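Topology and contacts: notes
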Amino acid sequence: MDYFISERQFDKNAKLSAGGKARDDISRILSHMGMKAIRLSDFERGPKSLAAKLAEHIRIAGMWHRAFAHVKRGDVLYVQFPPILHTVFYVGCISSLQKKGVKVILIIHDLEILRWKKRKDATVAKRLRFDIEEKSVLFRADGIIAHNEMMKGLLANLGIDGRKIRSLRIFDYLIPPFRGKTARHGARYGGPVLIAGSLARHKAGYAYSLPGEPDFALFGTNYDGKEQDNIRYMGAVSPDELPYLLDGSFGLVWDGDSCETCSGVYGEYLAYNNPHKASLYLASGIPIIIWDGAALAQFVRKENCGITVSSLTEIGPALACMSEPEYAALRENAARIGRKLRRGTMTESCIRSS
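As a starting point, this report considers the structure included with it.

Strand order in this open sheet of six strands is β9-β8-β7-β10-β11-β12, and the pairing throughout is parallel. The two strands at the open ends of the sheet, each matched to only one other strand, are β9 (231–233) and β12 (306–309). The mean inter-strand angle of the sheet, taken between neighbouring strand axes irrespective of direction, is 25°. With three bridges connecting them, strand β8 (residues 216–219) and β9 associate as parallel partners. Bridge assignment links Ala217 to a residue of β9, and that residue is Arg232. In this fold helix α8 (residues 276–283) packs onto β7 (193–196), β10 (250–253) and β11 (288–291), with an angle of close to 175° to the strand it touches most, β10.

Ranked by size, the top nonpolar core spans 76 residues in total, and within it Leu30, Tyr78, Tyr206, Leu218, Leu252, Tyr281 and Leu282 carry the most contacts. Dropping the residues within four chain positions of it, Leu30 is found in contact with Phe4, Met35, Tyr78, Ile107, Thr347 and Ile351. Ranked by size, the runner-up nonpolar core spans 39 residues in total, among them Leu97, Phe130, Val137 and Met151.

Let us look at the packing of α8 against helix α11 (residues 324–343). What describes two packed helices is the angle between their axes and the distance between those same axes. One way to put it is that α8 packs onto α11 with a least axis distance of 7 Å and a crossing angle of 110°. On the basis of their axis angle, the class for α8 and α11 is roughly perpendicular. In this structure, α8 uses Ser279, Leu282 and Ala283 to contact α11, whose residues at the interface are Ala334, Ile337, Gly338, Leu341 and Arg342. Here the contact of α8 with α11 is built from residues that sort into five nonpolar, two polar and one charged.

Attention now goes to the sheet that holds strand β2 (residues 36–41). Taken in spatial order, the six strands of this open sheet run β2-β1-β3-β4-β5-β6, and their pairing is parallel. On the outer flanks of this sheet lie β2 and β6 (165–167), each paired with one strand and no other. Ignoring strand direction, the axes of neighbouring strands in this sheet form an average angle of 25°. Across three bridges, strand β4 (residues 103–108) lies against strand β5 (residues 143–146) in parallel orientation.

About the thresholds
The residue numbering used here restarts from 1 in each chain and proceeds along that chain's sequence as written. Per-residue local features are limited, in this predicted model, to residues with pLDDT of at least 70; the limit for side-chain atom pairs, both in listing and counting, is 80 or more; totals at the level of whole chains, interfaces and linings are taken over all residues. Neither water nor hydrogens contribute to the side-chain values; these are computed over all heavy atoms in the structure. The rule for pairing is simple: two strands pair if DSSP sees at least two bridges between them. Helix and strand definitions here come from DSSP, where helices need a minimum of 4 consecutive H or I residues and strands a minimum of 2 consecutive E residues; each element is numbered from the N-terminal end. Here an angle of 0 to 180 degrees is reported between the N-to-C directions of two axes, which are lines fitted to C-alpha atoms, with helices fitted over the stretch in contact. Two residues form a contact once any of their heavy atoms are found within 4.5 Å. What makes a nonpolar core is a set of buried Ala, Val, Leu, Ile, Met, Phe, Trp, Tyr and Cys residues whose side-chain atoms join them at distances within 4.5 Å. Throughout this description, buried means an accessible area under 20% of the type-specific maximum (1.4 Å probe, protein chains only), exposed means over 50%, and partly exposed covers the range between. Orientation categories follow fixed angle ranges, with anything under 35 degrees roughly parallel, anything over 145 roughly antiparallel, 65 to 115 roughly perpendicular, and all other angles oblique. Nonpolar residues are Ala, Val, Leu, Ile, Met, Phe, Trp, Tyr, Cys and Pro. Charged residues are Asp, Glu, Lys and Arg, and all others, Gly as well, are polar.

Take a look at the structure:
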């Protein structure tokens, strides 16, 4: 039997956050493929003493062992990684499964050893915890589904056997049912460039120093900037509703604190990860603009579903000299890719090719 872990994250702002969308979509795809879910729920955590934190890690490890109790020899378990219910003892849970003859496959969502660990406010204790919780499990897993070839190469450079790593290429983005022809909005030549996602300054500082051209329309939480002649803030919308409200020419895939390049912890992370907002735009039939140093830039160029730039100041001139037929070709390819993402094709193909 094939199983998968389906975790429900504790999030007070879940309705307006896309944070759980990728995990939920993969759970739906794996269920559609005939796998059986092992469901767990997260709980609210707060400040604790070192002893209380250790007790919590032990408690969570016990929850995992109980969840795995009925999995037996010959079964395959897919784990969305890192687990929401994280514990420094997670590698022990995986080891106990493998001793029973269970094969464990990780589907990577994020690698905090690349992102959170680099933050200036990351304590030594947290850096150590990420190494224990992530590296040990990555080395132990029987198989890994990485975002792309850049992430695959990075994991191999860490010493992980490259033969057990597969590349997803890009995340799926389910929109059931998608009413492309009846949606009120969509991709259109000459429309504003769309920015979707968390707009908190520590993550998207660039959104507060956008160039004077072209027009931008911003969707997301934690925006505290001022609207300008070419900048409109459209509010925060749930990930299920957002595809029907996107009205523009391109979707922007950018992160970090600068318009000149993707810099800082979040900007540099684009060199390895597949940002979920790229899948949102393409699943909505909208071509994308992405940093040319992003891992996903190669996919965009190969599929001709958008353009790459090194700086946000290049967008205005690039769009000004783009003809309507040239844009129509990009839009058509975005729609083609979008149909695959809405069906879960990328995840299913990656798993079936193993």
